[in-house]
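In case you want the letters, here they are:
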Amino acid sequence: EPEVTQTPSHQVTQMGQEVILRCVPISNHLYFYWYRQILGQKVEFLVSFYNNEISEKSEIFDDQFSVERPDGSNFTLKIRSTKLEDSAMYFCASSGTSGSEALYEQYFGPGTRLTVT
Amino acid sequence: AQSVTQLDSQVPVFEEAPVELRCNYSSSVSVYLFWYVQYPNQGLQLLLKYLSGSTLVESINGFEAEFNKSQTSFHLRKPSVHISDTAEYFCAVSGTSYGKLTFGQGTILTVHP
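Let me begin by describing the structure that accompanies this report. (Residues numbered from 1 in each chain as written. Chains lettered and ligands numbered in written order. Predicted model: local features only at pLDDT ≥ 70, side-chain atom pairs only at ≥ 80, totals over all residues. Heavy atoms only, no water.)

Counting secondary structure elements, chain A contains zero helices and 11 strands. Beginning at the N terminus, the succession of helices and strands in chain A can be written as β-β-β-β-β-β-β-β-β-β-β. Its C-alpha atoms give chain A a radius of gyration of 14 Å, near enough to 13 Å, the size a compact globule of 117 residues would have. Buried positions account for 47% of the 117 residues belonging to chain A. As displayed, chain A has an accessible area near 5,900 Å², and 44% of this comes from carbon and sulfur atoms. Of the charged side chains in chain A, 9 are positive and 15 negative; the average position of the first set lies 6 Å away from that of the second. (Helix = DSSP H or I, 4+ residues; strand = E, 2+ residues; numbered from the N terminus. Rg over C-alpha atoms; globule rule 2.2 N^0.38 Å. Buried < 20%, exposed > 50% of the residue type's maximum accessible area, 1.4 Å probe, protein only. Areas by Shrake-Rupley, 256 points an atom, 1.4 Å probe, with all protein chains shown as cover. Lys, Arg positive; Asp, Glu negative; His and termini not counted. Charge placed at Lys NZ, Arg CZ, Asp CG, Glu CD.)

Printed below as a string of structure tokens:
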């Protein structure tokens, strides 16, 4: 069964450093998403991406964040200068082909735990 | 704006007992409703969804949820739980087919033998 994969599973970085979180969505999916979950809090939407551009972003997704689909298979989230409060589990998700019920179904990866020290 | 409230952060039950995990939402537009499950060290998996039509929706492993528009609820039920149902369950709402999901805070279901 196809699945969304994410690397690394755990990333430790120092405050102020840049990090790139990587995701490989399901191959025929059209929409891509990043969410995060700070420990003990809700899963929060960060950004959605379609047709090589951001379709929606939350107020959390400020200028420190960027997303890219560099090669048609990977989908990355970059944090330019990490802060302590960026420590969280980051989930990538993708959803399916247009005109079908699959468009409503977001498939999630296992997450990357980011720890900023 | 949309929001989701899961009224119970933890629900302990014994094996073969029935369970209900509660979810209420608020939204100014039509909604699509979802339940996701997260097993330890895994990602979120879609358990079931309400898009339109019958207000009672079922999953392949015996869970069901009922959309109640007047009460703005989408409670998850199972008549007889198994040890393997131990996981965290998230209720979520979306206003469009490809739009962001807004999640509740999650309910940890623990099934005891």
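Each partner contributes residues to the interface: chain B has 20 residues there, and chain A has 17 residues. Interface area, chain B with chain A, both sides summed: about 1,800 Å², of which 61% is carbon and sulfur. Connecting chain B to chain A are two salt bridges. Two residues, E105 of chain A and K49 of chain B, come together in a salt bridge whose shortest N-O distance is 2.6 Å. For the pair chain B and chain A, the number of links is five residue pairs in polar contact (both at pLDDT 80 or more). Elements represented by at least two residues in the side of chain B that touches chain A include exactly β5 (32–38) and β6 (44–50) of chain B. The dominant element in the side of chain B that touches chain A, judged by the number of residues it contributes, is β5 of chain B, at four residues. (Contact = heavy atoms within 4.5 Å. Buried area = accessible area lost by both parts, 1.4 Å probe. Salt bridge = Lys/Arg side-chain N within 4 Å of Asp/Glu carboxyl O. Polar contact = N/O pair within 3.5 Å; in protein donor to acceptor, adjacent residues only side chain to side chain.)

Let us look at the sheet that holds strand β3 (residues 19–24) of chain A. Adjacent strands of a sheet pair through backbone hydrogen bonds, lying either parallel or antiparallel. All names here are of chain A. Taken in spatial order, the four strands of this open sheet run β1-β3-β8-β7, and their pairing is antiparallel. Every interior strand has two partners, whereas the edge strands, β1 (5–7) and β7 (65–68), have only one. Between one strand and the next, the sheet's axes are offset by a mean angle of 20°, whatever the strand orientation. Bridge count for β3 against strand β8 (residues 75–79) is five bridges, and the pairing is antiparallel. Its bridge partner lying in β8, L21 is registered against L77. (Pairing = 2+ DSSP bridges. Axes fitted to C-alpha atoms, helices over the stretch in contact; angles between N-to-C directions.)

Before going further, it helps to spend a moment on the nonpolar core. Grouped together as the largest cluster of nonpolar side chains are 28 residues, with contacts concentrated most on L33, W35, L47, L48, F74, L76 and Y89 of chain B. The element best represented in this core is strand β10 (residues 87–94) of chain B, accounting for four residues. Within the second largest apolar cluster, 23 residues are counted, among which are I26, F49, I79 and A88 of chain A. (Core = buried A, V, L, I, M, F, W, Y, C linked by side-chain atoms within 4.5 Å.)

Residue and element names in this part refer to chain A. Summed over all chains, the structure comprises two disulfides over all chains. The disulfide partner of C23 is C92, and the S-S distance across this bridge is 1.9 Å. The disulfide joining C23 to C92 has a torsion of about -65° about its S-S bond and is therefore left-handed. Placement of C23 in strand β3 and of C92 in strand β9 (residues 88–95) is noted, with a sequence separation of 69 residues between them. For the pair shown, C23 and C92 are each scored as buried. (Disulfide = S-S within 2.5 Å.)

Once that is clear, we can look at the pairing of β7 of chain A. Pairing of β7 of chain A with β8 of chain A involves four bridges; the strand directions are antiparallel. Bridging from a neighbouring strand, E68 of chain A pairs with T76 of chain A of β8 of chain A.

The next subject is the side chain of S94 of chain A. Residue and element names in this part refer to chain A. Relative to the helices and strands, S94 resides in strand β9. Here H29 takes part through its side chain, which lies 2.7 Å from a polar atom of the side chain of S94. Look past the residues within four positions of S94 in its chain and what remains in contact with it is V4, P25, I26, H29, Y31, F32, Y33, E105, Q106 and Y107.

To continue, consider the side chain of T102 of chain B. Residue and element names in this part refer to chain B. By the secondary structure assignment, T102 is in strand β11 (residues 102–103). On the basis of relative accessibility, which here comes to 17%, the residue T102 falls in the buried class. Apart from the residues lying within four places of it in its own chain, the contact partners of T102 are Q2, S3, V4, C91, A92 and V93.

Applying the stated criterion to the full structure yields eight salt bridges over all chains. With its nearest N and O atoms 3.3 Å apart, the salt bridge here joins R36 of chain A to E44 of chain A. K78 of chain B is the partner of D85 of chain B in a salt bridge, and the nearest nitrogen-oxygen pair spans 2.8 Å. Of the two residues, D85 of chain B and K78 of chain B, both sit in the buried class. Connected through salt bridges with shared partners, the residues R36, E44 and D86 of chain A form a single ionic network.

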